[in-house]
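Fold and geometry: a report
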Amino acid sequence: MSGMHYRWFEEEDRVDAFGMPLSRGEIDRMEREQARAEAPDAEHLYTRGEKVSIVLAAVLLLTGLWTADGRLFLISAAFLLYEVRKLVEVFGGKQGHNLANVLKGFSIVLFFGAFFLAFS
C-alpha cells in the first residue's frame, strides 16, 4: 500500500476490559508506560558526551559561584536543570514525566533569562 497511512486506522481492535474501544489518549498513555518500563537504567541514561558536558557545567557553576558571577551561575544552573530532567523522569515514579516537563520548561526559561541578563 503506497501513499499516506494514518496511525488511527491500524489499531481499531483495541478495547478495554468491558469491550469499549480505547481512546487515542488511553492508547498513547499505555504506549508511554510500556516505553517507560523498557527505559534504560541509570547507568546508560546519559551518553559520554552528555556526562562530560554535565561535569563541565558543574565546574562552570562552581566557578560562577566562587567569582560571584551571577550570569554564568544561572546559565550553568539552567543547563544542569535541563539534564536533571532525565533522572527525574526515570526515578520520579508516577509523576516523573510531568515533573520532567516542568523542569524542562523552567530550565529553558531560566536559560533565556540568564542569556538576557548576560547581554543587557
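Placed above this text is the structure.
Described in the following lines is the structure provided in the data block. Note that the structure is predicted; figures quoted are calculated from it, not measured.

1. Describing the overall build of the protein
- In terms of regular secondary structure, the protein is built from 4 helices and 0 strands.
- For the protein, the succession of helices and strands along the chain, N to C, is α-α-α-α.
- Counting across all 120 residues of the protein, residues that qualify as buried make up 18%.
- In the protein, the proportion of contacts linking residues at least 24 apart, taken out of those at least 6 apart, comes to 44%.
- Accessible surface for the protein amounts to roughly 9,200 Å². Of this, 66% is attributable to carbon and sulfur atoms.

2. Observations regarding the packing of helix α2 (residues 48-66) against helix α3 (residues 70-91)
- Relative orientation of the contacting elements α2 and α3 amounts to 145°, with a least axis distance of 8 Å. As for how α2 packs across α3, the hand of that crossing is left-handed. Contacts between α2 and α3 pair E50, S53, I54, A57, A58, L60, L61, T63, G64 and L65 from the former with L72, F73, S76, A77, F79, L80, E83 and K86 from the latter.
- A breakdown of the residues in the contact of α2 with α3 according to their chemical character gives 11 nonpolar, 4 polar and 3 charged.

3. Considerations on the side chain of S107
- Considering the arrangement of structural elements, one finds S107 in helix α4 (residues 96-118).
- A relative accessible area of 3% means that S107 is categorised as buried.
- Filtering out sequence-adjacent residues up to four positions away, S107 remains in contact with A78, L81 and Y82.

4. Describing α4
- Taking 1.5 Å of rise per residue, 23 residues should cover 33 Å, and α4 covers 32 Å from first to last C-alpha, within 8% of that figure.
- Buried within α4 we find G96, A100, L103, S107, L110 and A114.
- Lining the buried residues of α4 we find α3.

5. A word on the packing of α3 against α4
- Interhelical geometry of α3 versus α4 gives an angle of 165° and a closest axis separation of 8 Å. Our classification of the angle between α3 and α4 gives roughly antiparallel. Seen from above, α3 lies across α4 with left-handed handedness.

6. Digging into unusual backbone geometry
- Of note in this structure, A68 is not a glycine but carries a positive phi near 60°.
- Here A68 is to be found in the loop between α2 and α3.

Conventions used here
Residues numbered from 1 in each chain as written. Predicted model: local features only at pLDDT ≥ 70, side-chain atom pairs only at ≥ 80, totals over all residues. Heavy atoms only, no water. Helix = DSSP H or I, 4+ residues; strand = E, 2+ residues; numbered from the N terminus. Buried < 20%, exposed > 50% of the residue type's maximum accessible area, 1.4 Å probe, protein only. Contact = heavy atoms within 4.5 Å. Areas by Shrake-Rupley, 256 points an atom, 1.4 Å probe, with all protein chains shown as cover. Axes fitted to C-alpha atoms, helices over the stretch in contact; angles between N-to-C directions. Left-handed = near helix turned anticlockwise from the far one by under 90°. Nonpolar A, V, L, I, M, F, W, Y, C, P; charged D, E, K, R; others polar. Expected span 1.5 Å × (residues − 1). Parallel < 35°, antiparallel > 145°, perpendicular 65-115°, else oblique.

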